[in-house]
Amino acid sequence: MEVGQMQRRLVDYTKSLFMEGFLDAQFLQLQQLQDESNPDFVVEVVSLFFDDSEKLLNDLTMALDQPSVDFKKVDAHVHQLKGSSSSIGAQRVKNACIAFRSFCEEQNIDATLRCLQQVKQEYYLVKNKLETMLRLEQQIVAAGGSIPMIELGF
Amino acid sequence: MELMKSENIVQDRQPQPQEEEEIMQQEEEEEQRFHVLAVDDSVIDRKLLEKLLKASSYQVTCVESGEKALEYLGLLHHSSPASSSSQHHHQGHKVNLIMTDFSMPGTSGYDLLKRIKGSSWKDVPVVVMSSENVPSRISMCLEGGAEEFMLKPLQLSDLHKIQAHLLKSLPHS
């Protein structure tokens, strides 16, 4: 596949992620912060997000698995995940966290377990999407092309 | 670079006169740039903030907790910066602005704010950041002496507010 085709595929794919709500404008901020002095900035931040999130999801799973659930602790973890997903523009993960926190407040064990499943699902979805997008970028760069900047109408 | 074969810890060799001049020039240039101390327990937010600030050519020091910030400022043991003899060479450097997250375990952003405002660093502007838009929290921080309260995630467009505070902090004779 030639570079122009790959670039068009990347642009379409990235746009779809915004359209489907996986990513929001904050992700554009990340891309805008990337420059020649730090060409791997987005990859680095996204990798940090993956590591951080997986640890938090593990902590959440353990916390909700306790015979007596410490909802304050659960809420603290969700707050962290909400913050980091918001910082990178992972909108659906962030929204799932917001719902999660309201059930933590109610100390509703069934609802919070469902929320955890929901957050995990959204996380793995966006992880997959981001990895695909970054792979497409890598292929373009490897073929000598440049990453096109996304122009969004909204 | 050759691998060090020696078991001994390698000491930094003394800089040559020309290098010394370069080091001094670098330090002078650093002194001319604004220096921001950024405090946040989130590794992602620290990275973002650092990039955002460096994009404006500010010098940035990131720490991961309120305690680390107090340590950096020489306030950890209630001693003034001048009297605390720390090994850190950066203790001599100025700080033009402190940006801190509000919700941090241990010493919170608000605790840090109060400690700073009650110390010899009280004239350094402090900006408190939070992902939550809670009016009572905002007024508490502003009443506590914060110059500004900013919502996370910070954007490039927020930089002008930061610059305004830094310009205000310039020393006047």
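Predicted model only: the values in this text are computed from it and were never measured. (Residues numbered from 1 in each chain as written. Chains lettered and ligands numbered in written order. Predicted model: local features only at pLDDT ≥ 70, side-chain atom pairs only at ≥ 80, totals over all residues. Heavy atoms only, no water.)

A. Fine view of the overall build of chain B. What chain B contains, in helices and strands, is 6 helices and 5 strands. Along chain B, from the amino end to the carboxyl end, the secondary structure elements read α-β-α-β-α-β-α-β-α-β-α. For chain B, the residues scored as buried account for 41% of the 173 residues in total. Pairs at least 24 apart in sequence give 64% of the contacts found in chain B among residues at least 6 apart. (Helix = DSSP H or I, 4+ residues; strand = E, 2+ residues; numbered from the N terminus. Buried < 20%, exposed > 50% of the residue type's maximum accessible area, 1.4 Å probe, protein only. Contact = heavy atoms within 4.5 Å.)

B. Inspection of empty space enclosed by the protein at higher detail. Residue and element names in this part refer to chain B. A complete count under the given rule lists 1 cavity of 30 Å³ or more for this structure. Of the volumes computed, that of the largest cavity is approximately 110 Å³. Taken together, 13 residues form the lining of the largest cavity, with Asp45, Leu48, Leu49, Pro153 and Leu154 sitting closest to its centre. With 4 residues, the single largest contributor to the lining of the largest cavity is helix α2 (residues 43-54). By residue class, the composition of the lining of the largest cavity is 7 nonpolar, 3 polar and 3 charged. (1 Å grid on protein atoms, 1.4 Å probe; cavity = no way out; pocket = protein on both sides within 12 Å on 5 of 7 lines; lining within 4 Å. Points joined across faces, edges and corners; volume = space filled by probe spheres on them. Nonpolar A, V, L, I, M, F, W, Y, C, P; charged D, E, K, R; others polar.)

C. How the structure looks around the UniProt feature "modified residue: 4-aspartylphosphate" (unreviewed entry) in chain B. Residue and element names in this part refer to chain B. Feature annotation in UniProt places "modified residue: 4-aspartylphosphate" (unreviewed entry) on Asp101, given in this structure's numbering. Within the fold, Asp101 resides in strand β3 (residues 97-101). The class of Asp101 is buried, set by a relative accessible area of 7%. Non-local contacts of Asp101, meaning those with residues more than four positions away in its chain, are made with Val39, Asp40, Asp41, Gly109, Met129, Ser130 and Lys152. (UniProt positions renumbered as here; feature names shortened; annotations may be inferred.)

D. Inspection of the packing of helix α5 (residues 91-106) of chain A against helix α6 (residues 109-142) of chain A at higher detail. All names here are of chain A. Put simply, α5 and α6 touch, their axes get as near as 9 Å, and they point 170° apart. When the interaxial angle is binned, α5 and α6 end up roughly antiparallel. Packed against α5, whose contacting residues are Arg92, Val93, Ala96, Cys97, Ala99, Phe100, Phe103 and Cys104, the element α6 presents Ala111, Thr112, Cys115, Leu116, Gln118, Val119, Glu122, Tyr123, Leu125 and Val126 at the interface. Residues that form the contact of α5 with α6 fall into these classes: 14 nonpolar, 2 polar and 2 charged. (Axes fitted to C-alpha atoms, helices over the stretch in contact; angles between N-to-C directions. Parallel < 35°, antiparallel > 145°, perpendicular 65-115°, else oblique.)

E. Layout of the sheet that holds strand β5 (residues 148-151) of chain B. Residues and elements named next belong to chain B. The 5 strands lie next to each other as β2-β1-β3-β4-β5, forming an open sheet whose pairing is parallel. Whereas interior strands pair on both sides, the edge strands pair on one side only; in this sheet they are β2 (59-63) and β5. Ignoring strand direction, the axes of neighbouring strands in this sheet form an average angle of 20°. With respect to the sheet, helix α5 (residues 135-143) is in contact with β4 (126-130) and β5, its orientation differing from that of β5 by roughly 145°. (Pairing = 2+ DSSP bridges.)

F. Structural context of the layout of surface pockets. Residues and elements named next belong to chain A. Put simply, the largest pocket is a space of about 430 Å³. Around the largest pocket, the lining comprises 16 residues; the ones closest to its centre are Gln34, Pro39, Glu137, Val141 and Ile147. Every element with two or more residues in the lining of the largest pocket is listed here: α3 (41-64) and α6. Looking at the lining of the largest pocket, the element that brings in the most residues is α6, giving 4 residues. In terms of residue class, the lining of the largest pocket is made up of 9 nonpolar, 3 polar and 4 charged. What the second largest pocket holds in volume is close to 290 Å³.

G. Region of interest: the nonpolar core. Grouped together as the largest cluster of nonpolar side chains are 64 residues, with contacts concentrated most on A:Phe27, A:Val74, A:Phe100, A:Leu130, B:Leu53, B:Met99 and B:Ile162. If one sorts the elements of this core by residue count, α3(A) sits on top with 11 residues. With sequence-adjacent residues up to four places away left out, A:Phe27 is seen in contact with A:Phe18, A:Val42, A:Val46, A:Ile88, A:Gly89, A:Leu130 and A:Met133. Membership of the second largest hydrophobic core comes to 22 residues, among which are B:Val95, B:Ile98, B:Phe102 and B:Val126. (Core = buried A, V, L, I, M, F, W, Y, C linked by side-chain atoms within 4.5 Å.)

H. Focus on the state of the cysteines. All names here are of chain A. Here the structure, examined in full by the defined rule, presents 0 disulfides over all chains. Cysteine Cys97 is unpaired, with the sulfur of Cys115 as its nearest cysteine sulfur at 9.4 Å. For the unlinked cysteine Cys104, the closest cysteine sulfur is that of Cys115, found at 7.4 Å. (Disulfide = S-S within 2.5 Å.)

I. Here's a closer look at α5(A). Residues and elements named next belong to chain A. Given a rise of 1.5 Å per residue, 16 residues ought to cover 22 Å, and the 24 Å separating the end C-alpha atoms of α5 matches this to within 8%. Residues Val93, Ala96, Cys97, Phe100, Arg101 and Cys104 constitute the buried set of α5. Taken around the axis of α5, the buried residues stretch over an arc of 145°, which confines them to a single face. Residues of α5 that are exposed and angled more than 90 degrees away from the buried face: Glu105 and Glu106. (Expected span 1.5 Å × (residues − 1). Arc of directions from axis to C-beta.)

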